[in-house]
Every structure is written in structure tokens, then in C-alpha cells.
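# Tertiary structure, described
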Amino acid sequence: MGHAFQFTRADAIARHRRLAGNDVFFLTGTDEYGSKMFKTAKEKNIEPQALADENAKKFRELNELLNISFDDFIRTSDEKRHWPGAQLIWKKINEKEDLYKKKYSGYYCSGCEAYVLENELTDGKCVYHNQKPEFVEEENYFFKLSKYADKLMELIEKNEIEIIPESRKKEILNFAKQGLKDVSFSRPKNVLPWGISVPNDEKHVMYVWCDALANYISALGYGSDDLEKFNKYWPADVHIIGKDNLRFHALYWPAMLLSASLPLPKQIYVHGFIISEGKKMSKTIGNIVDPKEITEKYGADALRYYLLKEIPATEDGDFTVKHFEEVYNADLANGLGNTVARVISMAEKYFKNEIAVAVIDKKWKEIINVSRECVDYAMKDYNTPQALVGIWHILRKIDEEIDRTKPWEMTKTDINSVGAHLFDWLNALRDIGYLLRPFLPEIAEKIIEQLGFDEKKGFGAKKGKILFPRI
RNA sequence: CGCGGGGUAGAGCAAUUGGCAGCUCGUCGGGCUCAUAACCCGAAGGUUGCCGGUUCGAGUCCGGCCCCCGCAACCA
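Residues numbered from 1 in each chain as written. Chains lettered and ligands numbered in written order. Predicted model: local features only at pLDDT ≥ 70, side-chain atom pairs only at ≥ 80, totals over all residues. Heavy atoms only, no water.

### Concerning the overall build of chain A
Across its full length, chain A carries 18 helices and 20 strands. Projected onto its principal axes, the C-alpha positions of chain A cover 90 × 45 × 40 Å. A burial count over chain A gives 52% of its 471 residues as buried. Restricting the contact set of chain A to residue pairs at least 6 apart, pairs at least 24 apart contribute 73%. (Helix = DSSP H or I, 4+ residues; strand = E, 2+ residues; numbered from the N terminus. Buried < 20%, exposed > 50% of the residue type's maximum accessible area, 1.4 Å probe, protein only. Contact = heavy atoms within 4.5 Å.)

### As for the nonpolar core
Ranked by internal contacts, the top residues of the largest apolar core, which has 81 residues, are Met1, Phe319, Leu336, Trp392, Ile398, Leu436 and Phe439. Here this core gets 11 residues from one element, more than from any other, and that element is helix α13 (residues 321-351). Contacts of Leu336, omitting those with residues within four sequence positions, involve Asp331, Trp392, Leu395, Ile432, Leu436, Leu440, Ile443, Ile447 and Phe468. Residues Ala86, Leu99, Leu213 and Ile268 belong to the second largest nonpolar core, which totals 64 residues. (Core = buried A, V, L, I, M, F, W, Y, C linked by side-chain atoms within 4.5 Å.)

### Digging into the domain arrangement of chain A
You can read the domains of chain A as domain 1 (2-144 + 182-234) and domain 2 (321-460). Of the residues lining the interface, 9 residues belong to domain 1; the matching set on domain 2 comes to 11 residues. Between domain 1 and domain 2 the total buried area reaches about 910 Å² when both faces are included, carbon and sulfur atoms providing 64% of it. Summed over the shared surface of domain 1 and domain 2, the result is 0 salt bridges. Between domain 1 and domain 2 we count 4 residue pairs in polar contact (both at pLDDT 80 or more) in total. (Domains from an automatic or database assignment. Buried area = accessible area lost by both parts, 1.4 Å probe. Salt bridge = Lys/Arg side-chain N within 4 Å of Asp/Glu carboxyl O. Polar contact = N/O pair within 3.5 Å; in protein donor to acceptor, adjacent residues only side chain to side chain.)

### A short note on helix α5 (residues 149-157)
Taken together, the buried positions of α5 are Ala149, Leu152, Met153, Leu155 and Ile156. Across the axial projection of α5, the buried residues extend over an arc of 165°, all falling on one side. Phi turns positive, to about 65°, at Asn159, one or two residues after α5. (Arc of directions from axis to C-beta.)

### Here we look at the side chain of His239
Here His239 shows up in strand β13 (residues 238-242). Assessed through its relative accessible area of 3%, His239 is described here as buried.

### Focus on the packing of helix α12 (residues 300-309) against α13
Two measures define how a pair of helices packs: the angle their axes make with one another and the distance between the axes. Here α12 crosses α13 at 100°, and the two axes come no closer than 10 Å. Judged on the interaxial angle alone, α13 and α12 are roughly perpendicular. Across the interface between the two elements, Ala302, Leu303, Tyr305, Tyr306 and Lys309 from α12 touch His323, Phe324, Val327, Tyr328, Asp331 and Leu332 from α13. For the contact of α12 with α13, the per-class residue count stands at 8 nonpolar, 1 polar and 2 charged. (Axes fitted to C-alpha atoms, helices over the stretch in contact; angles between N-to-C directions. Parallel < 35°, antiparallel > 145°, perpendicular 65-115°, else oblique. Nonpolar A, V, L, I, M, F, W, Y, C, P; charged D, E, K, R; others polar.)

### Here's the deal with the packing of aromatic side chains
The tally for this structure, following the rule as stated, stands at 28 aromatic pairs. Ring plane angle 40° and centroid distance 4.9 Å describe the contact between Tyr305 and Trp392, whose orientation is recorded as tilted. Here Tyr305, found in helix α12, pairs with Trp392, found in helix α15 (residues 384-405); they are 87 residues apart in sequence, far enough to count as distant. Of the residues examined, Tyr305 reaches a relative accessible area of 1% and is grouped as buried. For Trp392, a relative accessible area of 13% gives the class buried. Plain terms: the ring middles of Tyr306 and Phe319 are 4.8 Å apart, the flat faces sit at 65° to each other, and that makes the pair edge-to-face. Of the two residues, Tyr306 sits in helix α12 while Phe319 sits in the loop between β17 (317-318) and α13, which places them 13 residues apart along the sequence. (Phe/Tyr/Trp six-rings, centres within 6.5 Å; stacked < 30°, edge-to-face > 60°.)

### Topic: the protein's contact with RNA strand B
Near RNA strand B you find 45 residues, and of these Asn174, Gly179, Tyr207, Arg247 and Asn338 are the closest. If you look at RNA strand B and keep only atoms within 4 Å of the protein, 70% of those are sugar or phosphate atoms. A distance of 2.5 Å is found between a base nitrogen of RNA strand B and a backbone nitrogen or oxygen belonging to Lys181. Take Asn334: an N or O atom from its main chain is 3.5 Å from a sugar or linking oxygen of RNA strand B. (Near = heavy atom within 4 Å.)

### Observations regarding helix α6 (residues 166-177)
With 12 residues, α6 should reach 16 Å at 1.5 Å per residue; the first-to-last C-alpha distance of 16 Å fits that figure. Restricting attention to buried positions, one finds in α6 the residues Arg168, Lys169, Ile172, Leu173 and Ala176. The arc that holds the buried residues of α6, viewed along the axis, is 135°, so those residues lie on one side. Seen from the open side of α6, the exposed residues pointing more than 90 degrees away from its buried face are Lys170 and Lys177. Taken together, the buried residues of α6 touch α5, β8 (162-164), α10 (246-259) and β14 (267-271). (Expected span 1.5 Å × (residues − 1).)

### Describing the sheet that holds strand β18 (residues 354-355)
With antiparallel pairing, 3 strands are arranged side by side in an open sheet as β18-β20-β19. Here the strands that pair on one side only, and so sit at the sheet edges, are β18 and β19 (453-454). Two elements, β18 and strand β20 (residues 458-460), share 2 bridges in a ladder whose sense is antiparallel. Across the sheet, the residue bridging to Glu354 is Gly460, located in β20. (Pairing = 2+ DSSP bridges.)

### So, the pairing of β13
Counting buried positions along β13 yields 5 of 5 residues, so the element is predominantly enclosed. Along β13, one buried face is formed by Val238, Ile240 and Gly242 and the opposite face, lined by His239 and Ile241, is buried too. Both β13 and β14 contribute to a ladder of 5 bridges, which runs parallel. Residue Ile241 lies in a different strand from β14, and its bridge partner there is Val270. Note that the unit made of β13, α10 and β14 has a crossover that is right-handed. (Right-handed = clockwise from strand over helix to strand, strands pointing away.)

### Considerations on the environment of Ser276
Among the secondary structure elements, Ser276 is positioned in strand β15 (residues 274-276). Expressed as a C-alpha distance, the spacing of Ser276 and Thr320, which sit 44 residues apart in the sequence, is 5.8 Å.

### As for the pairing of β14
A large share of β14 lies buried, amounting to 5 of its 5 residues. Where burial is concerned, the two faces of β14 agree: the one with Gln267, Tyr269 and His271 and the one with Ile268 and Val270 are both buried.

Take a look at the structure:
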């Protein structure tokens, strides 16, 4: 569900920008190396590559399920597309003499299959496995992150790399202020064979973050002969990441780019996590909800709506089936779906579907303008909940005016006025359709189709299938 | 006394520079019959975590206390 959330957010942002006339390159992909993958594959008794293939397939399916309009999908285990870029940036960093070999030592817990920090130990034992970790030394390449500390802080401070929201910016600046240590950039191949080979050193593979972050440019052709996309689309306008990835995107990645003399991303949008009943979704608690189940039952746009509207822009948000169904009924079935049906049904009943072009009431122009501005304003900060609230405002106004003007009575005395109102309402619905395109792409098209607008003839509105059946 | 965010109606959240404490859902009452028993209007529901201070006036500013969450570098 966490991935569904992130993809949907990114997709709404990409679609919104495209509709604003921008040439968007929306990249997604999977990060497949690292000791975690290696370990999981071992547990499952399969090759790491097979596990990576499995995961990549799931990601693609999820993308499809939710109508994610990505332009490219990159896999870090793709030796043809990703490796050359990752290795080239390594070489550039190495040429700057920002890499050096050093022994890394630490306490390694075989239970965790990871290094544990001394302050995580009680009585010298690992808390989780109740055993004494081994003291291990291995030789790593280190990246001179410390060299770039001041520059990074300045860039973030001055919003040359803008971190949204502000609180995350403070968090990372605070962290950086304590001083940045150099970081491991490789692991010995004999310890971890699953990774990208370090150029000119067969004994090492690249540390995951070094390799994974490079996906943003490798996907654009960096490291290949064809730099057209790279020249056109890099630097990225925005990286969309979870709060757990902040450090890597706000510090490591820009430092790598600085070292390699490449342009820096302009923005980093940090979102929260999906939780369930206030807790992290986990198999042991049993509060995992599968996005597939939801979309099969209620449709992709229903899930998209929930993820875009109910999960805050920058905080953690809750997903429960109960709340999902409440929102579905209130906003989608009773709200959007019903109002569309309500207006079209009147057009059918009173005007045999045909509503001729009329002059739009000033009041309605105003209402729609306010909503459109609200959407654009909200999307500047990637605030999809606020954007959707802005669109729903129009729906409320339509319902309100229908109740006030009582067309079912007016039709007996003043059929022309009913026609004029219907034109306003149908027109408002058409605008809702356009405004909804980035958020609920399928439903938006269905609405527009049902309205059957023609510049000359006006509306030939026809009721279609119920958009959101009540639960 | 590590740094940061937060505590507001049953639930989830909002309140420029201090200026009538609001929104959505839920609950209750009324209206309507065009619509997916949908929609509209109205009502109830608050000691704004606690104590003190500044002020004509504090959710907002100041001091103290309680509670929750995030961060505190090699899992990514």
C-alpha cells in the first residue's frame, strides 16, 4: 500500500504538470541491490536476480493497476541500462579523488546479518538475538561526504535544493550541522557478491545507495552514447520520496552530483507513510491491506481518490477498509457520482438530453475559477488533499443550487430558466472532469464522455453506468 | 536539560500579523422527490493537554509541567 500511495502521488503530480503544458519525464523503478535483497533471496532459497525479477513484476503490476502514467521504469540490476551510468558517476567521483580505501570495522550480528551500533547493545549483546556480535573488519571505499558538508547545507538553506516540507528541511539541516562523516561506498565482493562491480576493482561492489541513486540519470542515458534525454530532462524538477529516504536524497545524492560536476535536482518532496489504525502495516499485526483487493472491488480511481485525498501531503496517514468505505460512500458515491447522475438525469428528463449552448452565469465562472486556482495553488506544494477539496467545492455548489431553484417545479412554469441552469451545471461538471484528470483519470474521462459536449450543439448528456455504486 | 513536529467536538483535521474556535465524517431534527434512500437547511456536541504570566483581548505570545511522534549516519 505504501508503494501504491507513492506511485499515485507521483502520478497525480506528473499528470497535473503535463496538463499544464510541461514536457514531463516521470521515472520510476526498483532498487534491487543491497544486503537485504541478498539475504531475503537466501532465505527463500532462490537467486537474488530471480527475487529482483519477482519484485519488479509486482511493481509493474501495481503501476498498471493504478493507471500510473510513468514514462520509464528502470531496474538497478539492468546491466545494460543502469550499470554504465552508475559506473560512470563512480569514475567521475574517483577522478575528483573523493573516494579512498579504508578499513571499516564494527560489530556484526550474524542474527541481524548487519552491523549493529554499540549504543544498540545491552551488556554487549544484540537486543534482538541476545548474542554477542562479532568484531569484523572489512575494507571499503569511502566517499568524502564531509568535504561537501558546508556546500550542501548552504544549498539546502538557500532552497537551491528545496526540501518540502519545511520541517524536513530543518531536520536534515540539523543533522548535517552535527558534522557529516564520510560514508562507505563499497562492500567487498566476497561478503556481498550482489551488486554493481566497482570500476577497475574486481574485489568490490558498489554500496547500494551509491548505485541506486544513480538510477535517476542512468535511466536518462547517462553513461551511454545517447545523451539526448539526459540533456533534456536533467536536472530533475523534483524527487518524490518517503521520509526514510531523506538523507540519501538530500545529502548523499547531491554530494555525488557535486563531485561529478553534474547539475543538482531542484526539489525534494518528502511524504509520510501509510499506517493502519495508527500502526505501521505489518504482517505480524495483520493490518496489511492489499491495493489489489481494493481496486478489484471498488476500482482504481476509488483507491487513488482515497490515497490522494485522505493521506496528508507531508504526514503519515491512516488506511483502514472501514474509513475507505466511509470516504467512498460520502465523497464518491453520494458526492461525485450522484451529482453527475442527478444533473444528467434532469437533462434527459426535461430536455431529451439536448441542452443548447447558453451564456454561463458569472457566478459559475467565479466558482470554477476559484476551484481551478485552488488546485494549482495546492499542487505547488504537492498538496493533493487540498486540491481535491477545491474540486469538491464545485459539487457542493451544484447540489445547493439545484435544491434552491427546484427545477422539478420550475419546469412547469419556466422551462427556459431550467435549461439555462442546466447548462451552468453541465458546464460545471465538465470543468470538474477536466480538473479531475490528474487525480482520477478514468472517471474524469467517463464524466466528460457522459456529458457529450459539442462546441456548437451544446450538451448531449446521456446517463452511463453508475460511476460509484454505493457500498 | 540533544534537535524537531504535535496535543482543538465522538473520529480525522483547519484557524494570515494575537481579534466572534471552524471544516469533513458520524449523530439528531426539519425540508425536498430531479438524483445512486442520494441532496439541501438547521441543531447538539469544546475548560483548544495541565498550571501560571503578558494583554482590552491568547488556540495563537512568554515561563513551567505532562503526554505522543519523527530524527539522532552505514538495513535502505
